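Architecture and fold: a report
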Amino acid sequence: MTLAARDITKRFGGLTALAQVSLELKPGEVHGLIGPNGSGKTTLLNLFSGYYRPDGGNIVIDETEISDATVQKRAGLGVARTFQKPRLLPTLSVLDNAMLGGWRDARAGFLATAFSLPQVKADERELRSRAEELLHGVGLSHAIGRRANLLEHAEQRFLEIARGLAQRPRFLLLDEPAGGLTPAEIEHLGAVIRVMRESGVGVLLVEHHTDFVFRISDRVTTLDVGAVIKHGTPDEVKRDPEVIRVYLGA
Amino acid sequence: MKFPNRAVAILIVMAALITLPWWSGDLYKLHLAALICTYWVLIGGLNLVVGYSGQLSIGHVGLLAIGAYCFAILAGTHGMHPAFAIAASGALCALCGLLLGLPSLRLPGFYFAMATLAFALIVTEITLAQGNLTGGGVGLPVPGFPPPFDTPRGTYWLILAIAVLVTWLAWNVARHTWGRGLVAVRDSAVTAQAVGVPVFRAKLTVFVFSGFTAGVAGALFAVLQSYITPDTFVFDLGLFFFVCIIIGGRGHIIGPAIGTIVLTALPEMVAPLAKLGNFFYGLLLLAVVLLVPEGIGRVFEILIEHFRPRRGESHVVKPDLERLARAIENGQSK
Amino acid sequence: MRWMFVALITGLATGALYASAALTYNVMFSTSKVLSVTTGHISMLGGIFGAWFISTLGWPIPVALLGSMVVGALFGLLTDLIAIRRVLARSDEHLWLLSTLALATMVQQAAGLWWGTEPKPFPRLIPQDFSAGLGDQKYWLPIAIAILLAVALEVFYRRTLYGKLFVAMSEDAFAARARGIPTGRIRSMSYVIAGAMGGLAGFAAGQLTFAYFALGLTLTLNGFIALAVGGLGSNVGALVGGAALGILSAVATYFVGGEYQQTISVGLLMVVLLLKPAGLFGSQSVRPV
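Read on for a plain summary of the structure. (Residues numbered from 1 in each chain as written. Chains lettered and ligands numbered in written order. Predicted model: local features only at pLDDT ≥ 70, side-chain atom pairs only at ≥ 80, totals over all residues. Heavy atoms only, no water.)

1. Some remarks on helix α6 (residues 153–166) of chain A
Residues and elements named next belong to chain A. In this model α6 runs 20 Å from its N-terminal to its C-terminal C-alpha over 14 residues, within 8% of the 20 Å that 1.5 Å per residue would give. The buried fraction of α6 is high, at 13 of 14 residues. One or two steps after α6, the chain reaches Arg168, where phi turns positive at roughly 50°. (Helix = DSSP H or I, 4+ residues; strand = E, 2+ residues; numbered from the N terminus. Expected span 1.5 Å × (residues − 1). Buried < 20%, exposed > 50% of the residue type's maximum accessible area, 1.4 Å probe, protein only.)

Set out below in C-alpha cells:
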C-alpha cells in the first residue's frame, strides 16, 4: 500500500531536473522532502500528482503503474495535494471550497443532480457535515461561511489542507505548507500533520523549514540538483556530512 | 437567505408571475413577458456554460435558430404535434451542442469564442442557402400551440412553466457538487484536476445541456414570432444573451435572471435606448467589466453584507485535533 | 476561364486584408498577450473614415490616408487605455475578452448609427478607369499594403530599438519589466502602431470592401482564422494564412457559389488546427490564452 517513485528522470529541454530519483511514501508515515532551491522537490511532487510525466522510471501505487495516469485518475486512487501558492476559488465560501474535495465521491451524474434526486441530497448533506468537521478540525471554525478571498494567508493554507482531506486521501502531498506561517501556526500545522499520520494517511512534506521537517518526519529524503544525496531517519540525515555541506556551503 | 424567508420570497415571485396576465396591462406587455421567459429558457442553460464553467460562448443564437427552424419545419411543414416538435428541437440542438463542443471546448478562450461566433454565422449561411428546407431568405411560418395553450395567456403560462423548470434544473446543478466543480473549472482548472473533476467532460456536459435548452427556447421563440427568417437570428441576439449573464453576475442564477428581465424590457420602455440598440449593451458590458466585474448580483451581495450585524472578524487558526482525527477516520471507513 | 482568374485575384486581395488584420493581431498580442476583438474594427474605421474624408470632406487623398491612419492609431490607443490597461491588472483571465468585445460592439454600432448600415462606395485613390480588369487597384492595393506592412514590421523588429523592445516584451514581459523597460508605455505604443496599420489596411482595401460598418466583426473573425492558420506570432504565417483563406474562399465561391463562404473558411481552420494546432508557422511555445 505505498506510493512510490522508482528511478525517476525528468528533463525540461536541455535541463535535467531529476536524475534517477526514488522515493517511497507509506501510509501512516510522514516523509519529508528537503533540498535547496532548484533541487527538484516541486518537480517530484508534480510527478507524483500527475501534472508531469516522467521521462524515465515510473510512478506506482500498490504496484500499479500510474506514470501516465491523469491527475484526476490519481485523485480517484487517493492521491491529494496542496499547492505552493494556495489555489482557492475566491468567489465561493470556505465551506464550499472544502466541499470541492468531495468531487470524487459524487456518485450522482449531471442529470441526477439537475433533478435533485434523493441520492444527490443525501450525498450533499453527508459531504457538508464531513467538510464542516474537517474545517473545525484544522482550525477554521471562525471562517466557515466566509468568502474565500477574504482569508489571510495562513487560513488559506489550512483550507487547502481541509480540502485535500475532504478527498479522503490515502496520500496527501503538501507543497511547502509552512511557507509564510508564524511559529505558532507552524506548531498547529505540525499537530495537524501528526493527526493525519495517526489516522493512517501517508504525508509527503516538501518543505524549506528543515527544523520543522526534522521534528515531524519519520523519514527524510534530501535532494540536490536533481539527485538524492541522503535518505533515512531525521537523525541520520541531519548528521550526514553531504547534507550539511549542501545546506551550509563547503 | 435563511430558509423560511427564501421560501416566502419564492412564493411571492411565483404568485406574481402566474398572475401576470391580469396585472400587466395590455397584450403587448404579456407578449413581452412571454419573450423574456423564452429568452430565460436559453439563458438559464447558457448560464451554466458562461457563468459557471466560464466558457465564453457568444454564438448560442445559432442554436436558437436551429431549434426554431426545427420546430417550424416539423410542426409546420410536416404537421408534427408541437409537444414532440419542441422535444425534437431540444434533442437536435443538444446534438449540435455536442458536435460544436467536441472540437472547440479544448481551445483556449479567445479561440473558443471565435469558434462560437463562426458557428452562429455559419448557421445563418446554411439557413439562407438551404432554401428548400428553410424557405431561404423568405423564411417560414410557424404554427401555434394546440389548445389550451393557443391563447396569449395560455402561451405565456406554458413558456413560464418551462422557464421555471429550467431554472429549477440549473439551480440544482449550481448548488450541489457539480456547481462547485464547474466553478473550479472556471476559476482554477489546476485545482479542478487535483480534486478529480474531468474538466473537458464537465464543460462538454453543460454545453450539451445548454444546447438542449437553446433548442427548446428556439421552438418557443418561433411560436412567439409566428414567422421566422434568417434575419431574426442575428449575431447581436447571441451577444445579448451573453451580456445578460455577465452583467447579472457569473456564478449566480438570480443575477442573470434579473439581467434578462431588465435588458429585454429596458429598450422597450425607454425608446431612445431602443435606437441605440447594441451600443447600449456594449456600454453596459464595458461598464460592468471595468467597475464591477463580478456583475450586478455581486453589488447586491455587498449591499446585503453591509446591513448585516458586524461581529469582530477573527483570523486565528485554532485546530481541534480530536474532531480532526474523527473526521479523517470517518472518511476512511467509507 | 477568365472568371477563374478574377476569383483568384479577388481571393488574394481579400486574403491580403485578412493577412493585414492578422499582422495587427500579432503586434497587439506581442506586448499584451491579448487577442483583441476590436482588431477588425480598426480597418473598418479606416475604410469608413477614408471614404468620409475624401468624398464628404473633400480632402486630398494623401491627407485622407494619413487621417485614416491617425483614426486607426487613436482607436488602437483607446483600446489599450479603456479595454486593456485596467483589465490586465486583475487576475481574472478572460476579462480582456469581455472588455474588447464590449468596445468592439460599441464602435460597430456607433459607426452604423453615424455612417448608416448600407455599404457605401469608396472613392478611387489612383487615377485609373474601371476597365483595368485584373489590374484594377482594388485588387493590388490591399496586396501591396499587406506585403509592405509585413516587411515594415520585420525592419522595425530587427533594426530599431523600439522594435527590439517589443520582441523582448513578447518573449518575457516579466523579465522585461525587471530590466526597467516601461512595459505599459511600450504596450500603448504597440496598440497605436497596430491601429495605424489597421487603418491603413482598411483604407487600401476600401474599394474592395466598400465603406461598411459591419465589416468589423467579419474581419475580426476572418483575420483571426488567417492568424490561427498561419500561426500565432508569425508574420509570415499571417501572410500565408491570409492568402490561403482568401484563395480558398474565392475558389470555393467560384465552384460552389458564394453561399457557404463562412462554412468553408471555418472548415479550413478546423482542418489546420486538427493537423497542426499551433498553425502552419506557429511555435508550440506561444500559448494563446
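And the narrative resumes.
2. Here's the deal with the interface of chain B and chain A
With 49 residues of chain B in contact, the opposing surface of chain A contributes 57 residues. Buried surface at the junction of chain B and chain A, both sides included, amounts to about 4,900 Å², of which 64% is carbon and sulfur. The tally of links from chain B across to chain A stands at four salt bridges. Ionic pairing is found between Glu124 of chain A and Arg180 of chain B, a salt bridge with its closest N-O pair at 3.0 Å. Linking chain B to chain A there are 22 residue pairs in polar contact (both at pLDDT 80 or more). Elements with a minimum of two residues in the side of chain B that touches chain A: α8 (152–175), α9 (177–187), α10 (189–194), α11 (199–225), α16 (296–307) and α17 (321–332) of chain B. Considering every element that reaches the side of chain B that touches chain A, the biggest residue donor is α17 of chain B, with nine residues. (Contact = heavy atoms within 4.5 Å. Buried area = accessible area lost by both parts, 1.4 Å probe. Salt bridge = Lys/Arg side-chain N within 4 Å of Asp/Glu carboxyl O. Polar contact = N/O pair within 3.5 Å; in protein donor to acceptor, adjacent residues only side chain to side chain.)

3. Overview of the arrangement of the chains
Inter-chain contacts occur across two pairs of chains; the most extensive set of contacts lies between chains A and B. A gap remains between chain A and chain C, with no contact made and the closest C-alpha atoms lying 11 Å from each other.

4. Some points on the packing of aromatic side chains
Considering all chains together, one arrives at 32 aromatic pairs over all chains under this definition. Here Tyr157 of chain C and Phe166 of chain C contribute two aromatic rings whose centre-to-centre distance is 6.3 Å and whose plane-to-plane angle is 50°, an arrangement assigned as tilted. A single burial state applies to Tyr157 of chain C and to Phe166 of chain C, both of which are buried. Members of the aromatic cluster, each reached through a chain of ring pairs, are Tyr39, Tyr69, Phe221, Phe233, Phe240, Phe241, Phe280 and Tyr281 of chain B. Looking at Arg87 of chain A, its charged tip hangs above the ring of Phe83 of chain A, at a distance of 5.2 Å from the centre. When the ring centre of Trp115 of chain C is taken as origin, the NZ or CZ atom of Lys120 of chain C, which lies over that ring, is 4.5 Å away. (Phe/Tyr/Trp six-rings, centres within 6.5 Å; stacked < 30°, edge-to-face > 60°. Lys NZ or Arg CZ within 6 Å of the ring centre and 35° of its normal.)

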